[in-house]
Amino acid sequence: MAVLEVKNISIEFGGLKAVSNFNLKLESGELVGLIGPNGAGKTTIFNMLTGVYKPTTGDIFLSNRENLTKRVNGFKPYQITQNGAARTFQNIRLFKDLSVLDNVLISLNFNVKYNSLQAILRTTAFYKEEEKLVEKAMAILKIFNIDTKANELAKNLPYGEQRKLEIARALATGPNLLLLDEPAAGMNPQETEDLMKLIRFIRDEFKLTILLIEHDMKLVMGICERIIVLDYGQMIAEGPPEEISKNPKVIKVYLGEEVEFDA
Amino acid sequence: MINLKNRAFNILTLTLVSTVIFVILLILQYFKVISEYTGLLLTLAGIYVIVSLSLNLITGFTGQLSLGHAGFMCVGAYTTAIAIIKYGMPIPIALILGGIMTALFGLAIGIPTLRLRGDYLAITTLGFGEIIRVIIVNLDSLTGGAAGLKGIPTFSNTGDFIIDAIIRFSWVYIIMILVIAVIHNLINSSQGRAIISIREDDIASTSMGVNVAYYKVYAFTLSAFIAGVGGGLYAIFFGYLNPAMFGWLNSVNFVVIVVLGGMGSITGTIIAAVVFTYLQEWLRVFADFRLVIFGLALIILMIFWPKGLMGNKELSITGFIRQLRSGEFSPRQIKTKWNEFRQKKGRKKDGRAD
């Protein structure tokens, strides 16, 4: 079953075609990497998938956990999230001055079972639901081993844990598809190693489909089952990691062409 | 964690505390321990608390700077006054009507200004406030125009000055407590967290499934409603309305109160609003210089206390009682806390020396 199906999307900014005729199909449970040199259009694709940009042409179909497929181009980011695709950000965007717990609780907002009048009147339904929300949030934090820091401010967490919290927060929205934008940015090799294990673990634990953008080749080659290479807004290669690392086109993009000199 | 016992404890303690404060203030006024003038100021402070809290909902919690709150107050004040004078409505209905009318205005400017933030929103709301004022000046037949609206009946007319003062104070105090409860309960709920997340980072917020536009308009409308009720009380309190009472400087005053108290702190706003009302009166001795002193005080406060009195923290009575019970304030605990504090301070100094 395809979780995400992207058909021929293109986007233009003014006269500049940032992404042209991009196609992508993610099957349930896949872990796919999206790579390419700087400016290739990776984040633009992410932004189209998450509703920040609206593609000029083409269609995006997204299935949620109940296998309900919707055409989502033109949806607002919050609608996309509510339809089962959550994301993290390249430069961490936590709610810095809120507690770790609140960060996760905010993701549970759109499924909350009481309305604001019940909240203002503090009805029993409010207390019951609130208790459930906290339980749910703590369970997610526990998976990431940051439940002991639930009451600390997000900005006081060490960098690695902030990254973890961002993933935890995205997971709390109950996604079917998780989009990770450079999850290993700024991490040391040890932290990257741990992150790889974590990504695999959450994929299996939550039965997720994951699409990630990454520059760290070790991470991409290590965990992705399929890699898509972009250059100048177009897909130039697609396949399993071993194939990609030997693909002459990809090598050309990353390392440049061989030039023969006459002595 | 939350359970029913805690719920009862919270409700009981807070009702008790607000009632005790209420009764004490009533007794003080009744036996003339505090002068009539101070009683009046207290009542006025209550109205300021209401309007400042409504502004804090937008500016402190949702993170949208509004410079139009005097305008909202103005709509509420005139609606309430006209409802009472021309249609003879009872006070509660007139107040609610004032709130609803203002909420409609809030909705009407909230929706088109959704995309704006920061300075742009501030300027738009500032313009809105001025438009309201100008409209009221020119709607002579309904509002009395620049000459003002006279003869708004007060809360009660028993003939006894003190009883009247007490009834007036009670109206404002009870509505103030209701407003505090509404805002506190809303902010400490899932909807409230969604509102706060907009202030923290609206892009992350929408990516986590929060309907940012909806909550912005929601906060704006609720804030306008409360400001409108505050305006209605203001109208009945003074018994006379004049468009000049709602100039943009008044909007700025409310922003000052919210910033002084700490953006996103309910208790901070309450303290700041009361202090502000009193300071304004005490400084009258200095005539026009009071504005200079006031400005200076603000500058100094912002340099040394940039987050306002309370930052985004709250003074929690229930929290305090819980801490007392759990022995948090036993001499031993205080000693260890003090030592921790000193160590922290020491570390900071070391950091600077590097």
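The model shown is predicted, which means the values in this text are computed figures rather than measured ones.

What counts, and where the lines are drawn
Within each chain, residue numbers correspond to sequence positions counted from 1 in written order. All chains are assigned letters beginning with A, and all ligands numbers beginning with 1, in the order in which they are written. Reporting of local features is limited, given that this is a predicted model, to residues whose pLDDT is at least 70; pairs of side-chain atoms are given and counted only at 80 or more, and all residues count toward the totals for whole chains, interfaces and linings. Hydrogens are left out, water is left out, and the side-chain values use all remaining heavy atoms of the structure. Marked domain ranges trace back to an automatic or database domain assignment. By the convention used here, residues are in contact when the closest approach between their heavy atoms is within 4.5 Å. A 1.4 Å probe defines the accessible area here, and the buried area is the portion of it lost by two parts on being joined, summed over both. By convention in these notes, a salt bridge is any Lys or Arg side-chain nitrogen within 4 Å of a carboxyl oxygen on Asp or Glu. Helix numbers and strand numbers start at the N terminus; a helix is a DSSP run of H or I with at least 4 residues, a strand a run of E with at least 2. In this classification, Asp, Glu, Lys and Arg are treated as charged, Ala, Val, Leu, Ile, Met, Phe, Trp, Tyr, Cys and Pro as nonpolar, and every other residue, Gly included, as polar. The rule is simple: take the accessible area with a 1.4 Å probe, protein chains only, and divide by the maximum for that residue type; under 20% is buried, over 50% is exposed, in between is partly exposed. Pairs were defined over the aromatic rings of Phe, Tyr and Trp, the Trp ring being its six-membered one, requiring ring centres within 6.5 Å. Orientation was assigned from the angle between planes: stacked under 30 degrees, edge-to-face over 60, tilted for the rest. Placement of a positive charge over a ring is assigned whenever Lys NZ or Arg CZ falls within 6 Å of the ring centre and within 35 degrees of the normal to the ring plane. Strands were regarded as paired on the criterion that DSSP finds at least two bridges between them. Note on method: axes are straight lines fitted to C-alpha atoms, helices fitted across the in-contact stretch only, with angles between N-to-C directions ranging 0 to 180 degrees. Angles below 35 degrees are treated as roughly parallel, those above 145 as roughly antiparallel, those between 65 and 115 as roughly perpendicular, and all remaining angles as oblique.

**Student:** With reference to specific residues and values, describe the domain arrangement of chain A.
**Tutor:** All names here are of chain A. When its domains are assigned, chain A resolves into domain 1 (1-84 + 174-263) and domain 2 (94-173). Counting from both sides, the interface comprises 19 residues of domain 1 and, opposite them, twelve residues of domain 2. Across the interface of domain 1 and domain 2, roughly 1,300 Å² is buried in total on both sides, 76% from carbon and sulfur atoms. Sorting the residues of domain 1 by area buried against domain 2 places Gly174, Leu198 and Phe206 first, and these three jointly supply 30% of that buried surface. Across the contact surface, domain 1 and domain 2 share zero salt bridges. Those elements giving two or more residues to the side of domain 1 that touches domain 2 turn out to be helix H2 (77-82), strand E7 (177-181) and helix H7 (189-206). Here the side of domain 1 that touches domain 2 gets six residues from one element, more than from any other, and that element is H7. Here the residues of the side of domain 1 that touches domain 2 are counted per class, giving twelve nonpolar, four polar and three charged.

**Student:** Tell me about the pattern of salt bridges, residues and numbers included.
**Tutor:** Applying the stated criterion to the full structure yields 16 salt bridges over all chains. A salt bridge links aspartate 59 of chain A to arginine 71 of chain A, with the shortest nitrogen-to-oxygen separation between them at 2.6 Å. On the criterion of sequence distance, the pair formed by aspartate 59 of chain A in strand E4 (residues 57-63) and arginine 71 of chain A in strand E5 (residues 69-71) is long-range, its members being twelve residues apart. Across the salt bridge formed by glutamate 130 of chain A and arginine 193 of chain B, the nearest N and O atoms sit 2.9 Å from each other. Here glutamate 130 of chain A, found in helix H5 (residues 124-143), pairs with arginine 193 of chain B, found in helix H8 (residues 190-200), and the two come from separate chains.

**Student:** Which residues make up unusual backbone geometry, and what values go with them?
**Tutor:** Glycine aside, a negative phi is what most residues show, and trans is what most peptide bonds show. All names here are of chain A. In this structure, asparagine 67 takes a positive phi of about 60° despite not being glycine. In this structure, asparagine 67 sits in the loop between E4 and E5. Relative accessible area serves as the criterion here: at 51%, asparagine 67 is assigned to the exposed category. One non-glycine residue, arginine 122, lies in the positive phi region at around 50°. Locating arginine 122 in the fold gives a position in the loop between helix H4 (116-121) and H5.

**Student:** Any details on the environment of serine 141 of chain B? Residues and values, ideally.
**Tutor:** Looking at where serine 141 of chain B falls in the secondary structure, it is placed in helix H6 (residues 140-143). Serine 141 of chain B sits 164 residues away from tryptophan 305 of chain B along the chain, and the two C-alpha atoms are 48 Å apart.

**Student:** Can you explain the packing of aromatic side chains? Please cite residues and give values.
**Tutor:** Under the defined criterion, the tally for this structure stands at 21 aromatic pairs over all chains. Ring geometry for phenylalanine 72 of chain B against phenylalanine 128 of chain B: centres 5.1 Å apart, planes inclined by 50°, an arrangement best described as tilted. Within this pair, whereas phenylalanine 72 of chain B is found in helix H3 (residues 69-87), its partner phenylalanine 128 of chain B is found in helix H5 (residues 118-138), the two being separated by 56 residues in sequence. On the accessibility criterion, phenylalanine 72 of chain B (0% relative accessible area) is buried. Given the relative accessible area of 7%, phenylalanine 128 of chain B is considered buried. Centre to centre, the rings of phenylalanine 169 of chain B and tyrosine 173 of chain B are 5.7 Å apart; their planes meet at 35°, and the pair counts as tilted. Here phenylalanine 169 of chain B pairs with tyrosine 173 of chain B, and both are found in helix H7 (residues 161-187), just four residues apart, close to one helical turn. Accessibility classification places phenylalanine 169 of chain B together with tyrosine 173 of chain B in one group, the buried group. An aromatic cluster is defined as three or more aromatic residues linked by ring pairs; in this entry it consists of Tyr78, Tyr234, Phe237, Phe238 and Phe246 of chain B. The ring of phenylalanine 89 of chain A has arginine 93 of chain A sitting right over it, with the charged end atom 5.7 Å from the ring centre. The ring of phenylalanine 95 of chain A is capped by arginine 169 of chain A, whose NZ or CZ atom sits 4.8 Å from the centre of that ring.

**Student:** How would you explain the sheet that holds strand E3 (residues 31-35) of chain A if you had to name every residue and give the values?
**Tutor:** All names here are of chain A. Pairing within the open sheet is mixed, and its six strands lie in the order E6-E7-E8-E3-E9-E10. Whereas interior strands pair on both sides, the edge strands pair on one side only; in this sheet they are strand E6 (85-87) and strand E10 (234-239). Each neighbouring strand pair of the sheet contributes to a mean axis angle of 20°, computed without reference to strand direction. Pairing analysis gives three bridges linking E6 to E7, with the strands arranged parallel.

**Student:** Before we move on, could you go through the packing of helix H2 (residues 36-62) of chain B against H8 of chain B and cite the residues and values that matter?
**Tutor:** Residues and elements named next belong to chain B. At a minimum axis separation of 7 Å, H2 and H8 run at an interaxial angle of 60°. Judged by the angle between their axes, H2 and H8 are oblique. In this structure, H2 uses Gly60, Phe61 and Thr62 to contact H8, whose residues at the interface are Ile195, Ile196, Ile198 and Arg199. Broken down by class, the residue content of the contact of H2 with H8 amounts to four nonpolar, two polar and one charged.

**Student:** Give a detailed account of the interface of chain B and chain A, specifying residues and quantitative values.
**Tutor:** Listed as interface residues are 30 residues of chain B and, on the opposing side, 35 residues of chain A. Taking both sides of the interface into account, the surface hidden between chain B and chain A amounts to around 3,100 Å²; carbon and sulfur atoms contribute 58%. Inspection of the region where chain B meets chain A yields two salt bridges. A salt bridge links aspartate 201 of chain B to arginine 93 of chain A; its shortest N-O distance comes to 2.8 Å.

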